[in-house]
Amino acid sequence: MSDLSFLFNPKQVAVIGASASPQKIGYAIVSNLIKSGYQGKICPINPKEKEILGLPCYPSIGKVEGQVDLAVISVPARLCLQVARECGEAGVKGAIVITAGFKEVGGEGLKLERELQAIGKKYNIRLVGPNCVGLMDTHTPLNASFATGFPEKGNISFISQSGAMVIAILDWSFQAGLGFSRFISLGNKSDLSEIDFIESCTADPNTKVILVYAEDVTDGEKFVQVCTEASKVKPIVILKSGTSTAGAQAASSHTGALAGSNRAYDTAFRQSGVLRADNMSDLFYLGRAFSTQPLPEGDRVAIITNSGGPAIIATDTIEKTGLKMARFSKATIDQMRENLPAESNIYNPIDVLGDARVDRFRFALQMAYEDENVDSVMVILSPTAVAEPEKTAQAILEYKDKYPHKPIFAVYMGGKTLVKGKEMLVKAGVPTFTFPESAVTALEGMVRYAEFRRANDAAPVLPPPNVDSNTVKATFYDVLKDKRVSLLAHESSKVLDAYGIPVNRTYLATSVEEACQISQKIGYPVVLKVSSPRIAHKTDVGGVEIGLHNRREVEKAYNRIMERVRRYLPDAPIYGIEVSKVVDDGVEVIIGMSRDIQFGPMIAFGLGGIYVNLLKDVSFRLASALNNRQAIEEMITETKAYTLLKGYRGQKPADIDALIDAIYRTARLVQDFEEITEMDINPLRVHTRGATGLDVKITINQM
Ligand code: ACO
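Each value, and the rule that gives it
Position numbers for residues start from 1 in each chain and track the written sequence from start to end. With the structure being a predicted model, the display of local features is reserved for residues of pLDDT at least 70 and the display and counting of side-chain atom pairs for 80 or more, all residues being used for whole-chain, interface and lining totals. Excluded from the side-chain calculation are hydrogens and water; included are all heavy atoms of the structure. When DSSP finds two or more bridges between two strands, those strands count as paired. Runs of E in the DSSP output that reach at least two residues are strands. Runs of H or I that reach at least four are helices, and both are numbered from the N terminus. Axes here mean lines fitted to C-alpha atoms, for a helix over just the part in contact, with angles spanning 0 to 180 degrees between N-to-C directions. In this analysis, two residues are considered to be in contact whenever any of their non-hydrogen atoms come within 4.5 Å of each other. Roughly parallel means an angle under 35 degrees; roughly antiparallel, over 145; roughly perpendicular, 65 to 115; everything else is oblique. Note on convention: the crossing is left-handed when the near helix lies turned anticlockwise from the far helix by less than a right angle, right-handed when the turn is clockwise. An automatic or database domain assignment supplies the residue ranges for each domain. We call a residue near a molecule or strand whenever a single non-hydrogen atom of that residue lies within 4 Å of it. Any pair of N or O atoms that falls within 3.5 Å is considered a polar contact. Within protein, one atom must be able to donate a hydrogen and the other to accept it, and sequence-neighbouring residues count only if both atoms are side-chain atoms. Residue exposure ignores everything except the shown protein chains as possible cover, and the areas themselves are Shrake-Rupley values with a 1.4 Å probe. Charged residues are taken to be Asp, Glu, Lys and Arg, nonpolar residues to be Ala, Val, Leu, Ile, Met, Phe, Trp, Tyr, Cys and Pro, and polar residues to be all remaining types, Gly included. Grid points spaced at 1 Å and placed over the protein atoms alone form the basis of the search, with a cavity being a set where a 1.4 Å probe fits but cannot get out and a pocket an open set showing protein on both sides within 12 Å along at least five of seven lines. Lining residues have an atom within 4 Å of a point. Grid points are joined across faces, edges and corners, and a volume is the space filled by probe spheres set on the points. Here is the rule: rings of Phe, Tyr and Trp (six-membered ring for Trp) pair when centre to centre is within 6.5 Å. Planes less than 30 degrees apart are stacked, more than 60 are edge-to-face, and the remainder are tilted. Exposure categories follow from relative accessible area, calculated using a 1.4 Å probe and restricted to protein chains: below 20% of the type maximum is buried, above 50% is exposed, and the middle band is partly exposed. Note on terminology: a nonpolar core comprises buried Ala, Val, Leu, Ile, Met, Phe, Trp, Tyr and Cys residues joined through side-chain atoms within 4.5 Å. Cysteine sulfur atoms are paired as a disulfide whenever they come within 2.5 Å of each other.

### A look at the sheet that holds strand S21 (residues 507-509)
Next, step 1: Spatial ordering of the open sheet is given by S21-S24-S22-S23, a layout of 4 strands whose pairing is antiparallel. This sheet does not close on itself; its edge strands, each paired only once, are S21 and strand S23 (544-548). Pairwise comparison of adjacent strand axes, ignoring direction, gives a mean angle of 30° for this sheet.
Next, step 2: Helix-sheet contacts for helix H19 (residues 512-522) involve S21, strand S22 (526-531) and strand S24 (576-581), and the interaxial angle to S21 is about 150°.
Next, step 3: Those strands touched by helix H20 (residues 551-568) are S21, S22, S23 and S24, and its axis lies near 170° from that of S23.

Spelled out as C-alpha cells, the structure:
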C-alpha cells in the first residue's frame, strides 16, 4: 500500500507559480495554505518576487532548503515539464499539478501528459492531477487547493474525478453543516487514482466514510482487490457517472447483451462491498448517515410519527427496499396500549397522532429504543399547530446519547417552521431529511453495508477443479488456424468436457457410417445437425433432424440434411454432421460470460431458454468472486430460476450441487483462458441428478 502521508501531512510545501496577484490561482493556493492554519513551512516559488503574502519567495525549487514533501504546481502547461524535472532534482516526494491543457485536450496535451508521467516515474514523484483543484486535509490542517474556503472538520473523505464537483460540494457543505476529513480532486489521474486514495483514506484514522465521484475506474481488477479489503474497514460510497450501454449493444451473446459496462460496475461494486449512490443527494445522505450513526445490527426499522401519510410512504419504501418493519414485543405493545391514546397506532409505524406534543414522541422513542426487535429508529414529524419540533429534536438527541448503538434518522417534513429543529438535529449528528424516501435510502445503504461486514468472514475457497487445459488450448489453436473465432458445437462441447462442465457431448461425423457409429456409442435417440461456420440458423435451412431412434433413421436423416443444405446453400462449407443425444428433462438455466473491459470476465446465471433476454432473470458476478460455494449459492438464490430449481408445484428438486459445480468450473475456464471473449451455455438442463449443457456458444479472439 502506498503511504501518501507526504501529500496530506507534508513538513514543507512549495507552491510553484505562486503569485502576488490576487486574481491568480498561484495566489489563491498560497493564501489557502496560510488560512487553513497549516503548521509546516510554505515556500512560494516565483523567479520575479521576493515575498508573497508575507512569505519569503524562492526563485526556483532548487533554492529551497531541506526536504520539500509536496509541490503544488500552477504554471502554464508549457512550463510544467521543466518545473517537474526541477522538482525531481530537488527530491520532491509528491506534486499536485493544477495546470490544465493535458490529456483532456487530446493531441499535444496527451503527449505532454505522457512526458509528465515519465518524469514522475523517473524521479519517483507521486503526481496528483494534472488538471485538478488540489487536495485538503482538515485534521493536518492543509488546504493545498485553489477552492474557495476550507471545509468544517469532520470524518468524511470526498474523492472526486471532477474538480467542479469538489468546488461545488465544498461550498454546499457550509450550509449543509457537513464536516470533512479530506477533499481530493483527482484530475486526469496521470499517476495517483481513486484506488490509491481509497487505500490512503482507509488507513486515515480521521476518516470514517469514503465518498467517491467517479467517471471511470483506472484498473478494474486492482479496484476490486483494494475496495474489497477497504470495505472491511470502512464504508465506501461511489457515485459513478458516464455509464454506457455501448458494450452491450456490440455483444453477440445473450450474456453480453444483458451485461454492459453499467452492469459490470454494479457487479464489481457490490462484490467489493462498495455502495453505489444513484445521485449526488444520495451520495451525501449516505455520507452523513455513516459519518454520524453506528452500523445497524439488522434490518428491522421502527417508525414514530405524528402523521399517517408520510409514515405510509416510509413503510412502502422500506418494504420496496427489502428492509423490514420491526414487529414489537408483546411487552412493548402492552405498554403503548396503556400509555398512548386509544386512537394511536401502537403497531409499527407508531402513530402518536396529529395532536402529539413532545411527551408522546418521548414515550414512543423509549419504546422503540428499548424493544430488542428494533434495529433502527426513524422519527417522522409534520409541523402541526401543536407539534414541538425543537423539543422533539431535544428528545431525539437525548435518546441518541442514551442508546448510542441504535441508529436514528429524523424526517422533519416541512420548511419554515422546522428550520431550528432540523439545525439542532444536524448539528448534533442526526441524519435529518425533508422526505422519508431519502431517509430510507440512507438507512438501507447502512443496513446493506452492515450485512456485507457481517458476511465477510471469508467463506472457504473451493479446491481447484481437475481440468484438462491442453485440450482447450489445442481446440482454440485449431479454431484460429481455421480462421474462425466462433467454435462449432463439437468443439465447444469438447472444451466444456475438458473442464468438467457437464455437457451433452457433440461429435462430428463426416460420413453416414461415422454418424451411425457415434449414435450407437452415445445411445439413441439422437439429434443430427449440420456443421458449418457459415450456417448460424440451422433449422432454417433444414439442417436439423431430431428424435432419431435407430440406425436406419440416422442414415436417412444424414442424407436428407446434406441434400437440403447443399440445395439451399451450395457454397457453404460443410464440415460434416454433428451428432448428439436427445436430452429433454430438467430445469433450463443459462450460464454465460461476457468480458468487461475494466473488470474482466463476468458470469451470468439465470432462467435459460429462448426467453432469456425477455425475462432478464439473471444474476451477475465477476468470475474472480466465484471461488467459494457461498458466493455461487447466493448468485443462484437471487434469481427466479431458483424457485424452479427447488422444485416448483410438486416437481422434484433439481441437482443444485451439480449446478454449483458447473458455475464454478465455468468461472475457472474463463479466468484461465483470456482469449474467451463471450460464452453462453443455454440451456443448461439441471436434472434431479446431474446437469447437461445443451447449446454452447464460445467466441474467442487471437491473443
Ligand atoms: N517557476 C515559478 N513560477 C513561475 C515560473 C517558474 N518556472 N514560470 C512562471 N512563473 C510564475 C509566473 O511569472 C506567474 O507569476 P506572476 O503572477 O508573478 O507573473 C505565475 O508563475 C503563474 O504563471 P502565469 O503565466 O501567470 O499563469 P497563470 O496563473 O495565468 O495560469 C495556470 C497558470 C492557472 C496553471 C493555467 O495555466 C491553468 O492551467 N489554468 C486552468 C487551471 C484549471 O482549470 N485546472 C483544473 C481544475 S478543475 C476545475 O477547475 C473544474
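### Examining the packing of helix H10 (residues 280-292) against helix H16 (residues 436-454)
Next, step 1: Where H10 meets H16, the closest approach of the two axes is 9 Å, and the angle between their N-to-C directions is 60°. With respect to each other, H10 and H16 are oriented oblique. Here H10 runs over H16; the crossing is right-handed. Touching Asp282, Tyr285, Leu286, Ala289 and Phe290 of H10 are Ser438, Thr441, Ala442, Gly445, Met446 and Tyr449, all from H16.

### Let's talk about the domain arrangement of the protein
Next, step 1: Here the domain parsing of the protein yields domain 1 (5-207), domain 2 (295-454), domain 3 (469-581) and domain 4 (587-700).
Next, step 2: The centre of domain 2, based on its C-alpha atoms, is set 42 Å off from the matching centre of domain 4.

### Brief notes about the site of the ligand
Next, step 1: Close contacts around the ligand come from 24 residues, with Ser19, Lys24, Asn46, Lys48 and Ala100 the closest.
Next, step 2: Between the ligand and Gly17, the relevant distance is 3.5 Å, taken from a nitrogen atom to a main-chain nitrogen or oxygen of the residue.
Next, step 3: With respect to the ligand, the side chain of Asn46 contributes an N or O atom lying 2.8 Å from an oxygen atom.
Next, step 4: In isolation the ligand exposes 1,000 Å². Once the protein is present, 71% of that is buried.
Next, step 5: For the shell around the ligand, the secondary-structure elements that each account for two or more residues are helix H3 (77-89) and helix H5 (163-176).
Next, step 6: Per-class residue counts for the shell around the ligand are 14 nonpolar, 7 polar and 3 charged.

### Quick look at the layout of surface pockets
Next, step 1: In this model, the second largest pocket occupies a volume close to 1,500 Å³.
Next, step 2: Lys529, Lys538, Asp695, Val696 and Lys697 are the residues nearest the centre of the second largest pocket, which is lined by 47 residues in total.
Next, step 3: Where the lining of the second largest pocket is concerned, the elements lending two or more residues are helix H18 (489-498), S22, S23, S24, strand S28 (676-686) and strand S30 (696-700).
Next, step 4: Per element, the largest residue contribution to the lining of the second largest pocket is 6 residues, and it comes from S28.
Next, step 5: Looking at the lining of the second largest pocket, you find at least three residues from each of domain 3 (469-581) and domain 4 (587-700).

### Overview of the sheet that holds strand S2 (residues 41-45)
By definition, the strands of a sheet pair up through backbone hydrogen bonds, in either a parallel or an antiparallel sense.
Next, step 1: Across the sheet, which stays open at both edges, the 5 strands sit in the order S2-S1-S5-S6-S7 with parallel pairing between neighbours. In the strand order of this sheet, the two ends are held by S2 and strand S7 (126-128), each with one partner. Across this sheet, the average inter-strand angle for adjacent strands is 20°, counted without regard to direction.
Next, step 2: As paired strands, strand S1 (residues 12-16) and S2 are joined by 5 bridges and run parallel to one another. In the strand pairing of S2, Ile16 is matched with Ile45.
Next, step 3: Across the sheet, helix H2 (residues 25-35) is in contact with S1, S2 and strand S5 (70-73); its angle to S1 comes to roughly 160°.

### Observations concerning the packing of aromatic side chains
Next, step 1: By the definition in use, this model includes 19 aromatic pairs.
Next, step 2: Measuring from ring centre to ring centre gives 6.0 Å for Tyr369 and Tyr399, while their planes differ by 10°; the resulting arrangement is stacked. One end of the pair, Tyr369, is in helix H13 (residues 358-370); the other, Tyr399, is in helix H14 (residues 389-402), and 30 residues separate them in sequence.
Next, step 3: Take Tyr399: its relative accessible area is 8%, and that puts it in the buried class.

### What to know about the nonpolar core
Next, step 1: Membership of the largest hydrophobic core comes to 54 residues, with the highest contact counts inside it found for Leu7, Phe197, Ile198 and Phe223.
Next, step 2: The leading source of residues in this core is helix H7 (residues 220-230), at 5 residues.
Next, step 3: Looking at which domains feed residues into this core, each of domain 1 (5-207) and domain 4 (587-700) supplies at least three.
Next, step 4: Apart from residues lying up to four places away in sequence, Leu7 is in contact with Leu70, Gly94, Val128, Leu135, Leu142, Leu192 and Phe197.

### Quick look at the state of the cysteines
Next, step 1: Within the structure shown, the criterion is met by 0 disulfides.
Next, step 2: Summary of cysteine pairing: Cys87 is not part of a disulfide, and the nearest cysteine sulfur, belonging to Cys80, is at 9.7 Å.
Next, step 3: Cysteine Cys201 is unpaired, with the sulfur of Cys227 as its nearest cysteine sulfur at 11 Å.
Next, step 4: On the basis of relative accessibility, which here comes to 0%, the residue Cys201 falls in the buried class.

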